[in-house]
Number of protein chains: 2
Amino acid sequence: MYYLVIRWLLADKEPDMLKVTIKLDINENLYLKNPEETELGRRIVENGILLIDEIGFESFTFKKLAEKISSTEASIYRYFENKHLLFIYLVNWYWEWMKFRVGFYTMNESGPVEKLKAAIRVIVDTSQRSTSVDYVDTEVLHRIVVTEGTKAYHKKNVDEENKEGFFLSYKALCGKLADIILEVKPGFSYSRSLASMLIETANNNIYFARHLPRLTDIRYKAGFLDEVVRMLYTFALGCIHGEGS
Amino acid sequence: MYYLVIRWLLADKEPDMLKVTIKLDINENLYLKNPEETELGRRIVENGILLIDEIGFESFTFKKLAEKISSTEASIYRYFENKHLLFIYLVNWYWEWMKFRVGFYTMNESGPVEKLKAAIRVIVDTSQRSTSVDYVDTEVLHRIVVTEGTKAYHKKNVDEENKEGFFLSYKALCGKLADIILEVKPGFSYSRSLASMLIETANNNIYFARHLPRLTDIRYKAGFLDEVVRMLYTFALGCIHGEGS
DNA sequence: TCAAAGTTGATAGTTTTACTATTATACAAA
DNA sequence: TTTGTATAATAGTAAAACTATCAACTTTGA
């Protein structure tokens, strides 16, 4: 159901920068018409991300997005039922992309602890290796997930949406991390909780450092993401080895 | 600026149950007119909690609330500028109440580790000792904070709202927990991050157990909160003692 | 090459939400 | 009695969140 098609394109202008085209298959129930397959669909996704980042999800409307892309409200409604589903689509895109990156960057690590550390670096820092993904600005997408991503699954009707499979990608990402944790300590009782905690804590501390600094020890300055990474190393390994004591 | 006035009333019908009237002073910028001071105001708060729990925050409107309490939209607008501020008011109420409970239940613990454990129990389990707080149903309030509490501070205009002091109670609660952590291990580098992580992780795992079970190892059944408590003991002590390794 | 099918843009309209304003009434304090 | 304060009742506006229709254009495919 979920798979990735990767195409590597060597940009001749900037030889050390790889241009990656990721094609993600995202739950079909999330859209009325697959936005990946048309020019307009891709513009909706691309500019949807930018507009939510600019004005926030609450102020975001299809009307404003239509203006931004010189199209109409009605046209956008042909792709997405409403703005909430567009948002969940974007967050799923992010999770799928993260899942791919975790796999990619842990692949060549030698031991399980090194794998876990690599996974943590991936979760925290989205700018690594300056990959760019064609019509999706992953830096901006990361920012909106950090800022308002939890709204995707914190609501009254989660159970319905969960039945439709809207959160499968998050569960898969979480499962992938949990597997790495289990490699570090087979039989560990809290692998899934630790996995989801690491993801949520990464995002929270990035957000808190910027906006609510008294909720974190991370100070927002150049290279602060490295500090988040170091903290999560401590937390992850502490939790894993703390069991039993 | 923030203080608590506690009044203990022994309910003669149920001698082992204490009826507590907590009067919390909550940031004045959150309301136009203090809802604690009038009958209508208290009904707005009481039924606002119940209605958000019933239909979810997105579907919640002042019009529906007005119907529920047989009043009018316009009357509710005299207390709160909009539903977001009512929500932040409620979440602040929750944080203030938690702060009080953490203080109260850690007070008599002997060592710092026991204090930390007591604090964790308080954060996870709101039903302890079956205290009831007059017009606020704390069980229901806890449920809406678990379900949608993060929306209070995950949005585009956090910075403005933060300047108005809307999150001081959360910071204070977090600070209180961080102080306990520092008693356990003086000089620990991540006391605040660990504190906010424990609060968020408690809420997340309660929520995940019910709605997204693949994101947690906690299974939703009778007594599952004890399992959350045990997990957080492991995590907290692991993180604290893991530093340096 | 012609017709059918599909896509988008333009326009218009509905219902609900999120407010604001005005007035009348009831009740309490001075 | 006067004054003030709180609330209810009513009305109204602007924007958000859709839905429907139709014409123009492009693509497909027979």
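About the criteria used
- Residues numbered from 1 in each chain as written.
- Chains lettered and ligands numbered in written order.
- Predicted model: local features only at pLDDT ≥ 70, side-chain atom pairs only at ≥ 80, totals over all residues.
- Heavy atoms only, no water.
- Axes fitted to C-alpha atoms, helices over the stretch in contact; angles between N-to-C directions.
- Helix = DSSP H or I, 4+ residues; strand = E, 2+ residues; numbered from the N terminus.
- Parallel < 35°, antiparallel > 145°, perpendicular 65-115°, else oblique.
- Left-handed = near helix turned anticlockwise from the far one by under 90°.
- Contact = heavy atoms within 4.5 Å.
- Nonpolar A, V, L, I, M, F, W, Y, C, P; charged D, E, K, R; others polar.
- Near = heavy atom within 4 Å.
- Polar contact = N/O pair within 3.5 Å; in protein donor to acceptor, adjacent residues only side chain to side chain.
- Least-squares fit on C-alpha atoms with pLDDT ≥ 70 in both.
- Phe/Tyr/Trp six-rings, centres within 6.5 Å; stacked < 30°, edge-to-face > 60°.
- Buried < 20%, exposed > 50% of the residue type's maximum accessible area, 1.4 Å probe, protein only.

A. The arrangement of the packing of helix H5 (residues 112–124) of chain A against helix H10 (residues 224–242) of chain A in detail. Residues and elements named next belong to chain A. Orientation of H5 relative to H10, taken along the N-to-C sense of each, is 140°, at an axis distance of 9 Å. Here H10 runs oblique to H5, going by the angle between their axes. The two elements H5 and H10 meet at a crossing, and its hand is right-handed. Facing Val 113, Leu 116, Lys 117, Ile 120, Arg 121 and Val 124 of H5, the residues of H10 in contact are Leu 225, Val 228, Val 229, Leu 232, Tyr 233, Ala 236, Leu 237 and Ile 240. Taken together, the residues of the contact of H5 with H10 sort by class into 12 nonpolar, no polar and 2 charged.

B. A look at the protein's contact with DNA strand D. The environment of DNA strand D is made up of 17 residues, and the closest members are Glu 73 and Tyr 77 of chain A together with Lys 33, Ser 71 and Tyr 79 of chain B. Among all atoms of DNA strand D positioned within 4 Å of the protein, those belonging to sugar or phosphate total 57%. Contacts to DNA strand D include Glu 73 of chain A, whose side-chain N or O atom sits 3.2 Å from a base nitrogen. Contact distances for DNA strand D include 2.4 Å between a phosphate oxygen and a side-chain N or O atom of Ser 71 of chain B. Top contributing element to the surface near DNA strand D by residue count: helix H3 (residues 73–77) of chain A, with 3 residues. Counted by class, the surface near DNA strand D contains 4 nonpolar, 6 polar and 7 charged residues.

C. How the structure looks around the relation of the copies chain B and chain A. Of the two same-sequence chains, chain B is brought onto chain A (RMSD 0.0 Å, axial shift 0.0 Å) by a rotation of 180°. The superposition of one copy onto the other is thereby described by a two-fold rotation axis. No C-alpha of chain B lies nearer the rotation axis than that of Gly 238 of chain B, which sits 2.2 Å from it. Take the interface residues of chain B: 100% of them recur as interface residues in chain A, which is what a same-surface contact looks like.

D. Fine view of the packing of aromatic side chains. Within the structure shown, the criterion is met by 38 aromatic pairs over all chains. Their ring planes at 75° and their centres at 6.0 Å tell us that Tyr 31 of chain A and Tyr 89 of chain A sit as a pair that is edge-to-face. Of this pair, Tyr 31 of chain A sits in the loop between strand E2 (18–24) and helix H1 (39–55) while Tyr 89 of chain A is found in helix H4 (residues 83–106), placing the two residues 58 residues apart along the sequence. Taking relative accessible area as the criterion, Tyr 31 of chain A reaches 11% and is therefore assigned buried. Aromatic pair Tyr 153 of chain B and Phe 167 of chain B: ring centres 6.4 Å apart, planes at 75°, arrangement edge-to-face. Taken together, the residues Tyr 153 of chain B in the loop between helix H6 (138–148) and helix H7 (158–163) and Phe 167 of chain B in the loop between H7 and helix H8 (168–184) connect sequence positions 14 residues apart.

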